[in-house]
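Survey of secondary and tertiary structure
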Amino acid sequence: MCGIIGIASRTEFPSRVLLERLKRLEYRGYDSYGFYDSRNLKKRVGGIDVEAAGRATTRTGIAHTRWATHGGATERNAHPHVSCDGRVVIVHNGIIENHEEMRKSLEKKGHRFASETDSEVIAHFLEEGLKRKPAEAVIVDFFAAAAGSFAVLAAIKGREEIFALKRDSPLVLGAADGMNILASDIYAFSDATSRAAFFENDEFAVVGAESFRFFDRKGRPIEKAMREFVWDQKESVKRSHKHYMLKEILEEPAAVERMLFSMENDQKAAFDGLIRLIRGSKKIIFAACGTSYHASLLGAYYLHRTGVESQTLIASEFRHYANVDRDTLIIALSQSGETMDVIDALKYARERSGRIAAVVNAPYSTIQRMSELSLHILAGQEVCVASTKAFINQAVLMLRIAREFGFPVDTDNVAGKIRLLFRKKARIREIAERIAASKDAYIIGRGLTYPVAREIALKIKETSYIHAEGMMGGELKHGTIALIEDGTPVLSLVSNNDPDIISNAREVEARGAQVFTITNDGRMERKRNVIHIETGNDGKFGILAAVAGQLIAYYAADKLGRPIDKPRNLAKSVTVK
Ligand code: M6R
């Protein structure tokens, strides 16, 4: 949540470059944005307009795109924040938990605050300290005084460099030609350099155009190695597609092939290592949030079918439900690799000596670095806030892993089956547009289609704002069926003619529901309310049904004219608890 960027350059560059780079982080939050280029400070509510920078040029600057936590999405609360005397300008991602107490103490010293944010205390704290000490020493004091999470960039009058601080919020430094770029993630600069240094917790750096110095929280210098990273650029361009979401769904077959190939080749050792870790553990607990949680539910289901003791927990509740010891393997699933709730679950597991593995999309992320072993799903950049191709790659990887334990499936033709499904877009669109006419929708599944039902419902909610519930078909009659009215859309996921889910669909139909079906029963293929999936394998059916559901969500949202790639209130990378 929130994206930050800072550039220190050897030569003058147009200030709009700050906003162009910031735009690459806009999926982290888009309530407001702002920048400071050492002369101008501008803030606006809403999505980033690079023209806001005008014709100004600069050699250093910082910028911020906000997902509001403390204080509404107003210009006053937008970053950057400035200290009273204008000497310190900061941008911040994270939450300063003890900001009220810090604010009171600064107010007693005469500081006047201009916003309702927690972040503003950082600017005032630095200004107050600078009255007596050099910036590096004040930052050491800040690490001691502040509680919570922060990635902060600070510009201080009289100093050419940018000061960068990190605790529990992501921050990375990219070394490009003639400039150093600080950012929340590598995507901000992956078109300009493949050399980066990753901040660890409680580290800060003083970053100039051609040099940088890293320190620990006590101000002791530390050596920081630059790493080469690989991040495919081609897939982050929308081209002729109306929305990134559709583009990213259509990339799924290629993404699946790329990942499966990698598991047999460059990631073979890591893949085999994970299989060994699973075999050597008494139990497996997945930890994940949102869409990744639904993929992990599939993982737990597939493994459970092969006799491997496995469960999954929503990461934000992990510590309340997980029983972890040294024989427990925790597998974190995360597209971004930066989700705070997952990081928190892993910390909890680590304290209890659990072993940790990760399945991530973004390389070099915090979650990957916390794990003894990690696999990359290689879905490529997802720009749309709603995750689609990353989910499919996570799910296919879960199936591929389960195959090692005896789950009967050939994963090699999954990509081809997705391509076949794409030929049915017209039918899927027609069904989606009928669902779009309702304010509620229910998606029901059983066994392995239950996680898929939940994922389809989440996609519908996020992109079309239709209230959608994904649930176990068996649970309907225990309460939710009371909500079924004449015409309420119910999408039922029927694998291998499962008689129980068919009965659940009949129960709602008898009460007036408009029932749509995703099925692999060839006899149903021509029926109007049916999307037919060509596979006899139930493991694959779940994944293909999810693709159909993603398309339903997309077409429903498009019909309703929603801002599909950037839904209201959301951010792609959830780095606060
Ligand atoms: O980056 P992660 O996979 O850890 O993110 C988890 C969730 O925040 C994410 O899946 C979220 O639910 C998306 N908006 C789903 O489309």
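Residues numbered from 1 in each chain as written. Predicted model: local features only at pLDDT ≥ 70, side-chain atom pairs only at ≥ 80, totals over all residues. Heavy atoms only, no water.

**Quick look at the overall build of the protein**
Operational definition: Under the scheme used here, helices are H or I runs from DSSP no shorter than 4 residues and strands are E runs no shorter than 2 residues, and both carry numbers assigned from the N terminus. Radius of gyration means the value over C-alpha atoms here, while the globule rule gives 2.2 Å times the residue count to the 0.38 power. Think of it in three bands: with a 1.4 Å probe and only protein chains considered, a residue is buried below 20% of the maximum accessible area for its type, exposed above 50%, and partly exposed in between. By definition, residues are in contact when any of their heavy atoms lie within 4.5 Å. Using the Shrake-Rupley algorithm and a 1.4 Å probe, accessible areas are obtained, with residue cover drawn only from the displayed protein chains. Charge assignment: positive for Lys and Arg, negative for Asp and Glu; neither His nor the chain ends contribute. Charge coordinates come from a single atom per side chain, which is NZ of Lys, CZ of Arg, CG of Asp or CD of Glu.
Looking only at helices and strands, one finds 17 helices and 25 strands in the protein. In summary, the protein has a C-alpha radius of gyration of 25 Å against a globular reference of 25 Å for 577 residues, a match within 12%. A principal-axis box enclosing the C-alpha atoms of the protein has dimensions of 80 × 50 × 45 Å. Each of the 577 residues in the protein was classed as buried or not, and the buried ones make up 62%. Look at the contacts in the protein between residues 6 or more apart in sequence, and 72% of them connect residues 24 or more apart. Here the protein has roughly 21900 Å² of accessible surface; of this, 48% comes from carbon and sulfur atoms. Counting 83 positive and 74 negative side-chain charges, the protein places the centres of these two groups 1 Å from one another.

**Description of the side chain of K224**
The test is simple: Polar contact is defined as a pair of N or O atoms within 3.5 Å, subject to the rule that within protein one atom must be able to donate a hydrogen and the other to accept it, and that residues adjacent in sequence are counted only when both atoms are side-chain atoms.
By the element assignment, K224 lies in the loop between β14 (221-222) and β15 (227-228). Residue class for K224 comes out buried when judged on its relative accessible area of 19%. At 2.7 Å, the side chain of K224 forms a polar contact with the backbone oxygen of F198. Here K224 is in contact with A197, F198, F199, E200, E203 and F214, once residues within four sequence places are set aside.

**Topic: the packing of aromatic side chains**
Short version of the rule: Ring geometry is summarised as follows: Phe, Tyr and Trp rings, the Trp one being its six-membered ring, pair when their centres sit within 6.5 Å, and such pairs are stacked at plane angles under 30 degrees, edge-to-face over 60 and tilted between the two.
This model, assessed by the stated rule, comprises 15 aromatic pairs. Centre to centre, the rings of Y302 and F407 are 5.2 Å apart; their planes meet at 70°, and the pair counts as edge-to-face. A residue pair is termed long-range when its members are at least 10 positions apart, and Y302 in helix α8 (residues 290-305) and F407 in the loop between α12 (389-404) and α13 (414-422) qualify at 105 residues. Assessed through its relative accessible area of 0%, Y302 is described here as buried. The exposure class assigned to F407 is buried, which follows from its relative accessible area of 3%. Ring pairs connect the aromatic residues F125, F142, F143, F150, F204 and F215, which therefore count as one cluster.

**Some details on the site of the ligand**
Rules: The rule for a residue being near a molecule or strand is that one of its heavy atoms must lie within 4 Å of it. In this count, Pro and Cys sit with the nonpolar residues alongside Ala, Val, Leu, Ile, Met, Phe, Trp and Tyr, while Asp, Glu, Lys and Arg are called charged and the others, Gly among them, polar. Residue ranges assigned to the domains are those given by an automatic or database domain assignment.
Lining the immediate environment of the ligand, one finds 15 residues, of which S292, S334, Q335, T339 and E462 sit closest. Alone, the ligand offers 410 Å² of accessible surface; in the complex the protein occludes 91% of this. For the shell around the ligand, the secondary structure elements donating two or more residues are α8 and α15 (449-464). Looking at side-chain class alone, the shell around the ligand contains 5 nonpolar, 8 polar and 2 charged residues. Residues from two domains meet in the shell around the ligand; each of domain 2 (238-412) and domain 3 (423-577) gives at least three.

**Observations regarding the layout of surface pockets**
Sizing a probe to match a water molecule and rolling it over the atoms shows the empty space that remains. For clarity, the cut-off: Buriedness of a pocket was judged along seven lines, with at least five required to meet protein on both sides within 12 Å; pockets are open sets of points on a 1 Å grid over the protein atoms alone, cavities are sets where a 1.4 Å probe fits but cannot get out, and lining residues have an atom within 4 Å of a point. Grid points are joined across faces, edges and corners, and a volume is the space filled by probe spheres set on the points.
Here the largest pocket is characterised by a volume of approximately 670 Å³. C289, G290, T291, L458 and V574 are the residues nearest the centre of the largest pocket, which is lined by 35 residues in total. Put simply, the parts of the chain that give the lining of the largest pocket at least two residues each are α8, β18 (328-334), α10 (340-351), α15 and β22 (467-472). Sorting elements by how many residues they give to the lining of the largest pocket places α15 first, with 6 residues. Here the lining of the largest pocket is built from residues that sort into 16 nonpolar, 12 polar and 7 charged. Shared between two domains, the lining of the largest pocket takes at least three residues from each, and those domains are domain 2 (238-412) and domain 3 (423-577).

**Here's the deal with α15**
A turn of α-helix holds 3.6 residues, and therefore any two residues three or four places apart point the same way. Here is the rule we go by: To estimate the expected span of a helix, subtract one from its residue number and multiply by 1.5 Å.
Compared with an ideal rise of 1.5 Å per residue, which puts 16 residues at 22 Å, α15 spans 22 Å between its outermost C-alpha atoms and is within 8% of the ideal. Along α15, 13 of the 16 residues are buried, which leaves the element largely enclosed by surrounding structure. Looking at the residues trailing α15, positive phi occurs at Y465, about 65°.

**Details of the pairing of strand β21 (residues 440-445)**
Formally: Between any two strands, at least two bridges found by DSSP are needed for them to pair. With the strands pointing away from the viewer, any crossover whose connection runs clockwise from the first strand over the helix to the second is right-handed.
The buried fraction of β21 amounts to 5 of the 6 residues, a majority that puts the element mostly inside the structure. Relative to β22, β21 runs parallel, the two sharing 6 bridges. By the bridge assignment, I444 is partnered in β22 with M471. Each parallel crossover has a hand, and for β21 linked through α15 to β22 it is right-handed. Judged from the 3 bridges that link them, β21 and strand β23 (residues 489-494) form a sheet pairing that is parallel. Bridging across to β23, I443 finds its partner in L491.

**A look at the packing of helix α3 (residues 120-130) against helix α4 (residues 135-145)**
Filter applied, for reference: Between N-to-C directions, angles cover 0 to 180 degrees, with each direction set by a line fitted to C-alpha atoms, over the stretch in contact for helices. Here roughly perpendicular refers to angles of 65 to 115 degrees, roughly parallel to angles under 35, roughly antiparallel to angles over 145, and oblique to all remaining angles. Rotating anticlockwise by less than a right angle from the far helix to the near helix defines a left-handed crossing, while the corresponding clockwise rotation defines a right-handed one.
At a closest axis distance of 9 Å, the pairing of α3 and α4 adopts a crossing angle of 130°. Classed by the angle they form, the pair α3 and α4 counts as oblique. As for how α3 packs across α4, the hand of that crossing is right-handed. The segment α3 lies against α4, with I122, F125, L126, G129 and L130 engaging A135, V138, I139, D141, F142 and A145. Broken down by class, the residue content of the contact of α3 with α4 amounts to 9 nonpolar, 1 polar and 1 charged.

**Section: the domain arrangement of the protein**
The following threshold applies: When two parts are put together, the accessible area they lose, computed with a 1.4 Å probe and summed over both, is reported as buried area. Throughout this description, the term salt bridge denotes a Lys or Arg side-chain nitrogen within 4 Å of a carboxyl oxygen of Asp or Glu.
Assigned domains within the protein: domain 1 (3-228), domain 2 (238-412) and domain 3 (423-577). Computed over C-alpha atoms, the centres of domain 1 and domain 2 are 32 Å apart. Facing the 13 residues of domain 1 at the interface are 10 residues of domain 2. Looking only at domain 1, the three residues that lose the most surface to domain 2 are Y27, D168 and F198, adding up to 38% of its buried area. Summed over the shared surface of domain 1 and domain 2, the number is 2 salt bridges. Here E200 makes a salt bridge to R369, at a shortest N to O gap of 2.9 Å. At the junction of domain 1 with domain 2, the criterion picks out 3 residue pairs in polar contact (both at pLDDT 80 or more). When grouped by side-chain class, the residues that make up the side of domain 1 that touches domain 2 number 7 nonpolar, 1 polar and 5 charged.

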